Amino acid sequence: MLSKDQIETYQRDGFLVVDDFVPPRSRARLRERAVEIVDAWEPSEQRSVFTTNEQERVSDGEFLASGSSIWCFFEEDAFGPDGELTQPKELSINKIGHAQHDLDDEFERFSYDPRLAEITTDIGLVDALALQSMYIFKQPHIGGEVGCHQDSTFLYTDPMSVTGFWFAIEDATLENGCLWAAPGGHLGPLRQLFKRSPSGDGTVMEQLDDTPLPEPPPVGSELVPLEVAAGTLVILNGQLPHWSDVNRSGTSRHAYTLHCISGTADYPDWNWLQRPADMPLRPLA
Ligand code: FE2
């Protein structure tokens, strides 16, 4: 799938932008299915919010169980002072996660695309397993920031192998909160580990290294914006620092992500995302 130049770019920068990967029809089907899932979804009494900062991510029961289910998480800014939604439900959801790649036909078809398996071979991700999926809405006006982080903080293997596939379902621009990444930043240390607490009903953040992550603009210049057209695939090394801003524009920025790990690496049982024995991770191909 990837040329020698593309593989070298990925190894040098820690990310690679691949244009025109997702045809319009596939994007439309995934988008429609995501909207259907939200329509059919009934929130529980205690509302699961995906906070603006992954480091402060809520650790309620639905979140901890969502590694093997399909759950909708609200935008933090979706509620008014009275605790009621200030816009329709379909415009209030931050994301759907985290196992639709195994539990929903449309997402499954998309996620187990043989081309992705080929890419994992190209970039040396051995025996790739699909671990986590998210459909991210980045809603108009209220789409939340995702603080600068490394995906290996949240999905850890020994040795580290997490690789993210980020698909632009809609155009991603500076205005609607596109991704920003730090070229070469994957060569730096892993800063933090997000662990399920020993009791199993919460999470803790463990500091590994005090090297600061790149500051969001305009403070630092390490992060570069990845303004990409709908259909683009961005491949992200799990140690790469990346960030995305709030969306205050009137345009949504839908994206789908699939995170994979190597089947040859150890996946510790303190990772927040755990799958039951009867729902093992599946190979990409
Ligand atoms: Fe991420």
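As the structure is a prediction and not an experimental result, all values here were calculated from the model. (Residues numbered from 1 in each chain as written. Predicted model: local features only at pLDDT ≥ 70, side-chain atom pairs only at ≥ 80, totals over all residues. Heavy atoms only, no water.)

Caption draft 1: Geometry of the overall build of the protein chain. Looking only at helices and strands, the protein chain has seven helices and 15 strands in total. A compact globule built from 285 residues would reach a C-alpha radius of gyration of about 19 Å, and the protein chain, at 18 Å, matches this within 12%. A principal-axis box enclosing the C-alpha atoms of the protein chain has dimensions of 55 × 40 × 40 Å. With 285 residues in all, the protein chain has 55% of them scored as buried. For the protein chain, restricting intrachain contacts to residue pairs at least 6 apart in sequence, the fraction spanning at least 24 positions comes to 83%. Side-chain charges in the protein chain split into 21 positive and 46 negative, and the spacing between the mean points of these groups amounts to 4 Å. (Helix = DSSP H or I, 4+ residues; strand = E, 2+ residues; numbered from the N terminus. Rg over C-alpha atoms; globule rule 2.2 N^0.38 Å. Buried < 20%, exposed > 50% of the residue type's maximum accessible area, 1.4 Å probe, protein only. Contact = heavy atoms within 4.5 Å. Lys, Arg positive; Asp, Glu negative; His and termini not counted. Charge placed at Lys NZ, Arg CZ, Asp CG, Glu CD.)

Caption draft 2: Structural detail: helix H2 (residues 24–40). For H2, with 17 residues, the first-to-last C-alpha span of 24 Å sits near the 24 Å given by 1.5 Å per residue. When H2 is considered as a whole, its buried residues turn out to be Arg27, Leu30, Ala34, Ile37 and Val38. Projected onto a plane normal to the axis of H2, the buried residues spread over an arc of 95° and lie on a single side. In H2, the exposed positions angled more than 90 degrees off the buried face are occupied by Pro24, Arg25 and Ala40. In this fold, the buried residues of H2 make contact with strand E3 (70–75), strand E4 (93–98), helix H5 (105–111), strand E5 (128–136), strand E7 (163–168) and strand E14 (255–262). (Expected span 1.5 Å × (residues − 1). Arc of directions from axis to C-beta.)

Caption draft 3: Region of interest: the coordination of the iron ion. Note on the iron ion: its protein donors are His149 (NE2), Asp151 (OD) and His242 (NE2). The metal-donor distances range over 2.1 to 2.2 Å. Here the donor residues for the iron ion map to a single chain with the spacing H-x1-D-x90-H. With Asp151 in helix H7 (residues 151–154) and His242 in strand E13 (residues 242–244), the pair connects residues that are 91 residues apart, well separated along the chain. Of the two residues, Asp151 and His242, both sit in the buried class. (Donors = N, O, S within 2.8 Å, 3.2 Å for Na, K, Ca; no water.)

Caption draft 4: Region of the structure containing the sheet that holds E13. Spatially, the four strands line up as an open sheet ordered E6-E13-E8-E11, and their pairing is antiparallel. With one partner strand each, in any of the chains shown, strand E6 (146–149) and strand E11 (224–226) form the two edges of the open sheet. Averaged over all pairs of adjacent strands, the angle between strand axes in this sheet comes to 25°, irrespective of strand direction. Bridge count for strand E8 (residues 179–181) against E11 is three bridges, and the pairing is antiparallel. If you follow Ala181 over to E11, its bridge partner there is Val224. (Pairing = 2+ DSSP bridges. Axes fitted to C-alpha atoms, helices over the stretch in contact; angles between N-to-C directions.)

Caption draft 5: Layout of the pattern of salt bridges. In total, this model carries 13 salt bridges according to the counting rule given. Here Lys4 ties to Glu8 by a salt bridge, and the two come within 3.3 Å at their closest N and O atoms. Here the residue Lys4 and the residue Glu8 both occupy positions in helix H1 (residues 4–13), the gap between them amounting to four residues, near one helical turn. Here Arg33 ties to Glu36 by a salt bridge, and the two come within 2.8 Å at their closest N and O atoms. Of this pair, Arg33 and Glu36 are both found in helix H2, three residues apart, which corresponds to roughly one turn of the helix. For Arg33, a relative accessible area of 24% gives the class partly exposed. Residue class for Glu36 comes out partly exposed when judged on its relative accessible area of 42%. Three or more residues are tied together by salt bridges with common partners; here these are Asp102, Glu108, Arg275 and Arg282. (Salt bridge = Lys/Arg side-chain N within 4 Å of Asp/Glu carboxyl O.)

Caption draft 6: Spatial organisation of the pairing of E7. Most of E7 is tucked away: six of the six residues are buried. Judged by which residues are buried, E7 turns out to be covered on both faces: Thr163, Phe165 and Phe167 on one side and Gly164, Trp166 and Ala168 on the other are all buried. Direction of pairing for E7 relative to strand E12 (residues 233–237): antiparallel, over a ladder of five bridges. By the bridge assignment for E12, Trp166 is matched with Val234. Looking at chain direction, E7 and E14 are connected through six bridges and run antiparallel. Bridging from a neighbouring strand, Ala168 pairs with Ala255 of E14.

Caption draft 7: Broad picture of the packing of aromatic side chains. Scanning all chains against the criterion turns up 16 aromatic pairs. Ring plane angle 35° and centroid distance 6.1 Å describe the contact between Phe21 and Phe167, whose orientation is recorded as tilted. Taken together, the positions of Phe21 in the loop between strand E1 (15–18) and H2 and Phe167 in strand E7 put the pair 146 residues apart, joining distant regions of the chain. When its relative accessible area of 3% is taken as the criterion, Phe21 is described as buried. Taking 6.4 Å as the distance between ring centres and 70° as the angle between the ring planes, the aromatic pair formed by Phe63 and Phe194 counts as edge-to-face. With Phe63 in helix H3 (residues 61–65) and Phe194 in strand E9 (residues 192–196), this residue pair connects regions lying 131 residues apart in the sequence. (Phe/Tyr/Trp six-rings, centres within 6.5 Å; stacked < 30°, edge-to-face > 60°.)

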